[in-house]
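Results of the structural survey
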Amino acid sequence: MADEPTLPVLSNLRHNNPFNEESRKRPRSERAPPSQLSTSSDPAFFSSDDDPALDNYEQKQGRRKRRYVGTWFSQQPAFSSDSFLGDDMISEPPRPHSALAKRARREFRKLDSGIYMSQNEDSTAESSDNYDGKFVPRPTFSHTRAKPRPIAVGEQIARDRITECVEDGRETVDLSGLGLDSISDGILESISHIAPIPIVDKDVFFEQRDPQIKLFLSNNQLTQFPRCLLNVEHLTDLSLRANNLTEIPAGIAKLKNLQSLNIAQNQIKYLPFEFLQLFRKGSKLRSLQIQPNPLWFPEEWHDGPDEFVKRLDQAKRYAALAGSKQPDTKLESDWTGLIATIHRRSRVEFIDSSRRIAGFRLPSTDRPLRRCEMEPFYKLAGPPELRKQGPGASTVRLLNCKGARSLFEYALAACARSSEADDLCQWLETEQDQGWPEGMSATLQEAIKFSRDGRDLKCSMCGRKAVLPMTRWVEYYFINPAKVEVRSDGENSITASERFSQTPQPEMYPFMRFGCTWTCVPPTIERVEGEDEDEAEVKEQEEEEEDEDTIIA
Amino acid sequence: MANDAAINGYSEEGKYITLISSDGFEYVVLREATEISPTIKSMLRNPFSESRTGRCDFPEIRSVVLEKVVEYFHYWYKNRDKDDVPDMNIPVEICLELLMAADYLGLDAKPTQPAIRD
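Residues numbered from 1 in each chain as written. Chains lettered and ligands numbered in written order. Predicted model: local features only at pLDDT ≥ 70, side-chain atom pairs only at ≥ 80, totals over all residues. Heavy atoms only, no water.

1. Some thoughts on the sheet that holds strand 4 (residues 213-216) of chain A
The strands making up a sheet associate through backbone hydrogen bonding, with each pair oriented either parallel or antiparallel. All names here are of chain A. Overall, parallel pairing links the five strands, which are arranged 3-4-5-6-8 in an open sheet. Of all the strands in the sheet, just strand 3 (172-174) and strand 8 (287-289) have a single pairing partner and so form its edges. Strand-to-strand twist across the sheet, computed as the mean angle between neighbouring axes with direction ignored, equals 10°. With three bridges connecting them, strand 3 and strand 4 associate as parallel partners. Note that in strand 4 the partner of Val173 across the bridge is Leu215. (Pairing = 2+ DSSP bridges. Helix = DSSP H or I, 4+ residues; strand = E, 2+ residues; numbered from the N terminus. Axes fitted to C-alpha atoms, helices over the stretch in contact; angles between N-to-C directions.)

Written out as structure tokens, the structure is:
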């Protein structure tokens, strides 16, 4: 038993020892904690509290709860004098000198605030570094945005004029001849705020009418149709004469209140098919100035009078099949305006998903050649023979417009919609040789262009949404003034204008149509007897022409 | 499950195949649904090892992207004959990689039904 090791002595038994004087507990003073009654604004709770003698119970220097100030990692006992307990604490040590405290604070650096502020760039970069992918390059965008370009003098004047018009309620905005090569959406958008000031006078009926905004942007150097104009609902007059526009966006069909449009003296090659919605019964467009413009013109321009009539008949049947599906509006009162009638159609251009054009191609926008090859209405446009290109060739047929769209299209649409679409495009161009398929940036650029056109690209044959057109063709329309009289029996009768009947071959305008698959091609009309000869003639003519061409070549 | 089938060797006509992403995630997909991709189709037809095991390895495609591709396969399969197809939602973050994957898998053209195609 003697060898038994002795247990170590318990060092601290003080808390067990009731007699130990060095208790860790704070000595309890005999006095009660100070009552807070004196400072409380609450009414007395108990009836006995009303007794004024109770005030005597309040004692100074009572036992109080310890109080601290500061953050959890640098706390110090509160020596404040602003305690609600009154001025009794003033006798405590005073606060450190204020200047000293200020300097101390400046030097203090928090090591960890305890809150993790995640930064997006960092976290994504970290997570993407975790995988060892080999080939997928990732765009690294510079986070320094380009400086906002300085506002040109012309733009400044334009802004001032628009603000003036908005303030005065004037509806005519004249921005012509300012030398603008582009105008920012922010400046031009504000013209939609123009509201006419109603006439307030004796004997005048108070009326708040819709504004009729007239915008003149002629004699500038605009290269793009200002897209924000497409959202100005009450635009009635628009002049873009003598600019450098190359295209009219399809969204122009949204400008239902447009009465007069002037797009002469630009670089426009064709008009969008959707534009035709403004040339229908009941629409408000009355004045249209398109020429001069380098529009594509159809070959075989000169028809004999007989052929012309025959073709008109065919065109009517074609229009019944292929025209826009919108219902004809019944008119309540007489109407005069512009009406478009189809006359010819070009051959169909087939484009595959990598934006290669197989077979026939329409005149390109950057080549000077503007002659467009025509095709009779009864001819079915078929896709050209495809080159076999390995295992993928079978799906390049694009023949079924039922079912889902391709994943490529969906991804392309997502890219084009994103806010960084332009950066993506630039990046694709610079990284062309890093394993990215050829022409991807051009494809994306086209998709961006269509997605910004102010509409969803809809197939003009099947009406489905599309990202990129797969077929394109041009239809030629006459646009002529027409008059509709409402007869007593409710029937509408259209009388073409005199100009139309006098000149057998008025001007035709090309309208570009799109299809979403290779089956979305112009419909064919049935042949009527007697047309076969015509066709034979045409064929002969074509052959002759071809012969001529070959001879020339 | 389909994995076992693949290993056991009767995958040649098995109903499902397995797609493996670069970071090792495996997705089991209906074989018929993947047939719209000519790349996968030829992988499974020709005498490659994929045709025996029914497992296709894609060391270039991340799992996030491959998941979307797989979602598309089923989405396409479900909507094969429908006229009104709801749009598939694609997050912008992966759209570029998805574009590339779609190009690689030959999903760039509007797919046609296998029955019509051949």
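2. Quick word on the packing of helix 5 (residues 63-78) of chain B against helix 6 (residues 95-104) of chain B
All names here are of chain B. Their axes nearest at 10 Å, the elements helix 5 and helix 6 cross at an angle of 60°. Between helix 5 and helix 6, the interaxial angle falls into the category oblique. Taken as a pair, helix 5 and helix 6 cross one another with a handedness that is right-handed. Residues Val65, Lys68 and Val69 of helix 5 pack against Glu97, Leu98 and Ala101 of helix 6. In terms of residue class, the contact of helix 5 with helix 6 is built from four nonpolar, no polar and two charged. (Parallel < 35°, antiparallel > 145°, perpendicular 65-115°, else oblique. Left-handed = near helix turned anticlockwise from the far one by under 90°. Contact = heavy atoms within 4.5 Å. Nonpolar A, V, L, I, M, F, W, Y, C, P; charged D, E, K, R; others polar.)

3. Considerations on the sheet that holds strand 3 (residues 55-57) of chain B
Residue and element names in this part refer to chain B. Judged by pairing direction, the sheet is mixed, and its three strands sit side by side in the order 2-1-3 without closing on themselves. Two strands in the sheet have a free side with no partner beyond their single neighbour: strand 2 (26-30) and strand 3. Ignoring strand direction, the axes of neighbouring strands in this sheet form an average angle of 25°. Pairing of strand 1 (residues 16-20) with strand 2, which is carried by five bridges, proceeds in the antiparallel orientation. Among the inter-strand pairings, Ile20 is bridged to a residue of strand 2, identified as Glu26.

4. What about the packing of helix 6 (residues 407-417) of chain A against helix 8 (residues 440-451) of chain A?
All names here are of chain A. At a closest axis distance of 9 Å, the pairing of helix 6 and helix 8 adopts a crossing angle of 65°. Classified by the angle between their axes, helix 6 and helix 8 sit roughly perpendicular to one another. Here helix 6 and helix 8 pass one another in a crossing that is right-handed. Residue-level inspection shows Phe408, Leu412, Cys415 and Ala416 of helix 6 in contact with helix 8, the latter providing Met440, Thr443, Leu444, Ala447, Ile448 and Ser451. Residue composition of the contact of helix 6 with helix 8, grouped by class: eight nonpolar, two polar and no charged.

5. Notes on the confidence of the model for chain B
If pLDDT is low for a region, its predicted coordinates should not be looked at in detail. For chain B, the average pLDDT comes to 76, and 80% of its residues sit at 70 or higher. Reported confidences for the modelled complex are a pTM of 0.64 and an ipTM of 0.80. (pLDDT = per-residue confidence, 0-100.)

6. Side note on the pairing of strand 14 (residues 471-486) of chain A
It is a general feature of regular strands that their side chains alternate between the two faces of the sheet. Residues and elements named next belong to chain A. Burial analysis of strand 14 places 12 of its 16 residues in the buried class, the great majority of the element. Sheet topology places strand 10 (residues 335-345) next to strand 14; 10 bridges connect them, and they run antiparallel. Looking at strand 14, one finds that Ile342 is bridged to Tyr477. Pairing of strand 11 (residues 349-351) with strand 14, which is carried by two bridges, proceeds in the antiparallel orientation. Paired with Phe350 across the strands is Thr471, a residue of strand 14. As defined by bridge partners, strand 14 adjoins strand 16 (residues 508-515) across eight bridges and the pair is classed as antiparallel. Bridged to Trp473 within strand 16 is Arg513. (Buried < 20%, exposed > 50% of the residue type's maximum accessible area, 1.4 Å probe, protein only.)

7. Here's the deal with the packing of aromatic side chains
Across all of its chains, the model carries 11 aromatic pairs over all chains by this definition. Ring centres of Trp72 of chain A and Phe73 of chain A lie 5.3 Å apart, and the angle between their planes is 90°; on these two criteria the pair is classed as edge-to-face. Note on Trp72 of chain A: relative accessible area 66%, which makes it exposed. With a centroid separation of 6.5 Å and an interplanar angle of 85°, the aromatic rings of Phe58 of chain B and Tyr104 of chain B are classed as edge-to-face. With Phe58 of chain B in the loop between strand 3 and helix 5 and Tyr104 of chain B in helix 6, this residue pair connects regions lying 46 residues apart in the sequence. (Phe/Tyr/Trp six-rings, centres within 6.5 Å; stacked < 30°, edge-to-face > 60°.)

8. Focus on the environment of Thr517 of chain A
Here Thr517 of chain A shows up in the loop between strand 16 and helix 10 (531-552). For the pair Thr517 of chain A and Met470 of chain A, spaced 47 residues apart in sequence, the C-alpha separation works out to 5.4 Å.

9. Structural notes on the side chain of Ser283 of chain A
Residue and element names in this part refer to chain A. The topology assignment puts Ser283 in the loop between strand 7 (271-272) and strand 8. A distance of 2.7 Å separates a polar side-chain atom of Ser283 from the backbone oxygen of Leu278. Ser283 has contacts with Gln277, Leu278 and Trp335, leaving out every residue within four places of it along the chain. (Polar contact = N/O pair within 3.5 Å; in protein donor to acceptor, adjacent residues only side chain to side chain.)

10. Quick notes on the pattern of salt bridges
Residue and element names in this part refer to chain A. Here the structure, examined in full by the defined rule, presents eight salt bridges over all chains. One salt bridge in this structure joins Glu171 and Arg209, with 3.1 Å as the shortest N-O distance. Highlighted residues: Glu171 in the loop between helix 3 (153-168) and strand 3 and Arg209 in the loop between helix 4 (185-189) and strand 4, separated in sequence by 38 residues. Judged by relative accessible area, Glu171 falls into the buried class, the value being 15%. Here the residues in one salt-bridge network are Glu164, Asp168 and Arg170, joined through shared partners. (Salt bridge = Lys/Arg side-chain N within 4 Å of Asp/Glu carboxyl O.)

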